[in-house]
Amino acid sequence: DETNFMIALYQGQMESARSIVDRRLQEDRPRQWYWLARQYYLKLGDEEGMARFRQLLDAQMARMDEMGVPWRESCNLYLINDLRTAGMDEPIESMMTRCHKQFEERLKAQFFCPCSYYGLVGYTVLDGRIEEAVQRADQWLGNGDSWVFLDQDPIFSQLADTPEYAEFLARNQEQIERQQRIYLTRKEVEATF
C-alpha cells in the first residue's frame, strides 16, 4: 500500500492517494502512516487539507501523550516543523530551547555522527539561520554523507530559494550513486567467494 500511495501521490492521482490514506488511517497503525498522510494533506494545498493535517497532528500528539512520550521537552525537528506549518506555536519555543542545548553541546564537544550532523543542518534552518544552514549543508555533504529522501525533506526544502539548493541535491544524488556502486561491488566480490 505504501508504494501504491507514493506512486499515486507523485503522479497527482489524488483520489487514489486519498482512498489509501483514509483506509489505512482507519484500519491500522495511524502512527506509522502519519508521515505519508501529512504529505498527502499538505500537497492538497487547500483549507480542507490543512484542517485534516491539523487533525492528524493533534491525534499524533495525543498518542504521544498517552504513551508518556515527553515530546514537548524533546528536540524533534520534524514535529517542530509540522507544528509551525500548522500554526501551533505554543510548544515550539521549549522544543527549540532543547534543540539549542543539544546541538550547541555537540558543537562544543565537536561530536557529530552523520545523522546528527544532518540534524544540525535542519536545526539551523528551523532557527532561521539560513546562511549558516547552507554552510552546514555544504559541510555535511563535504563529509561524503547523503540521504536518499533529501529532495522530499520538508525542512531541507526550506533552502530551495538559496542558490546552492540545486547543487546540494545534485551532490547528494552523486553520493547516493557512489554508495550504491560500492555496495554492488562488494556484493559481487562476496559472490565470488
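Residues numbered from 1 in each chain as written. Predicted model: local features only at pLDDT ≥ 70, side-chain atom pairs only at ≥ 80, totals over all residues. Heavy atoms only, no water.

(A) Local environment of the overall build of the protein chain. Counting secondary structure elements, the protein chain contains nine helices and zero strands. The order of helices and strands in the protein chain, counted from the N terminus, is α-α-α-α-α-α-α-α-α. With the C-alpha coordinates of the protein chain rotated into their principal frame, the extents come out at 50 × 45 × 35 Å. Expressed as a percentage of its 193 residues, the buried residues of the protein chain come to 38%. A sequence separation of at least 24 residues applies to 52% of the contacts in the protein chain between residues at least 6 apart. (Helix = DSSP H or I, 4+ residues; strand = E, 2+ residues; numbered from the N terminus. Buried < 20%, exposed > 50% of the residue type's maximum accessible area, 1.4 Å probe, protein only. Contact = heavy atoms within 4.5 Å.)

(B) Representation of the packing of helix α1 (residues 2–10) against helix α2 (residues 14–27). Packing of α1 against α2 leaves a shortest axis separation of 7 Å and a crossing angle of 150°. Classified by the interaxial angle, the pair formed by α1 and α2 is roughly antiparallel. Pair α1 / α2 crosses with left-handed handedness. Of the residues in α2, those in contact with N4, F5, A8 and L9 of α1 are M14, S16, A17, I20 and V21. (Axes fitted to C-alpha atoms, helices over the stretch in contact; angles between N-to-C directions. Parallel < 35°, antiparallel > 145°, perpendicular 65-115°, else oblique. Left-handed = near helix turned anticlockwise from the far one by under 90°.)

(C) Representation of the packing of aromatic side chains within the structure. Applying the stated criterion to the full structure yields nine aromatic pairs. With 4.7 Å between their ring centres and 45° between their planes, Y118 and W140 make a pair best called tilted. In this pair, Y118 sits in helix α7 (residues 114–126) while W140 sits in helix α8 (residues 130–142), placing the two residues 22 residues apart along the sequence. Y118 gets classed as buried once you look at its relative accessible area, which sits at 12%. Taken together, the ring pairs connect Y118, W140, W147, F149, F156, Y165 and F168 into an aromatic cluster. (Phe/Tyr/Trp six-rings, centres within 6.5 Å; stacked < 30°, edge-to-face > 60°.)

(D) Geometry of the environment of Q152. Take Q152: it is sitting in the loop between α8 and α9 (165–192). The spacing of Q152 and Q39 is 113 residues in sequence and 9.6 Å in space, taken between C-alpha atoms. When sequence neighbours within four positions are dropped, the list of residues in contact with Q152 reads M6, Y10 and Q39.

(E) Summary view of the pattern of salt bridges. Applying the stated criterion across every chain yields a total of eleven salt bridges. Salt-bridge contacts for R18 lead to D22; the nearest nitrogen and oxygen are separated by 3.4 Å. With R18 and D22 both in helix α2, this residue pair falls four residues apart, about one helical turn. Across the pair E48 and R52 runs a salt bridge whose closest N-O atoms are separated by 4.0 Å. You can see E48 and its partner R52 sitting in helix α4 (residues 47–66), four residues apart, about one turn around the helix. (Salt bridge = Lys/Arg side-chain N within 4 Å of Asp/Glu carboxyl O.)

(F) Representation of the state of the cysteines within the structure. In the structure shown here, the tally under the stated rule is one disulfide. Two residues, C75 and C99, share a disulfide whose sulfurs are 2.1 Å apart. Given an S-S torsion of about 110°, the disulfide between C75 and C99 has right-handed geometry. Placement of C75 in the loop between α4 and α5 (77–86) and of C99 in helix α6 (residues 92–109) is noted, with a sequence separation of 24 residues between them. The class for C75 is buried, based on a relative accessible area of 17%. (Disulfide = S-S within 2.5 Å.)

(G) Region of the structure containing the packing of α2 against helix α3 (residues 34–44). The geometry of α2 relative to α3 is characterised by a closest axis approach of 10 Å and an angle of 140° between their N-to-C directions. One finds that α2 runs oblique with respect to α3. By crossing handedness, the relation of α2 to α3 is classed as left-handed. Touching M14, A17, R18, V21, D22 and L25 of α2 are A37, Y40, Y41, K43 and L44, all from α3. Per-class residue counts for the contact of α2 with α3 are eight nonpolar, no polar and three charged. (Nonpolar A, V, L, I, M, F, W, Y, C, P; charged D, E, K, R; others polar.)

(H) Main features of the nonpolar core. Ranked by size, the top nonpolar core spans 50 residues in total, and within it F5 and F156 carry the most contacts. The leading source of residues in this core is α7, at seven residues. (Core = buried A, V, L, I, M, F, W, Y, C linked by side-chain atoms within 4.5 Å.)

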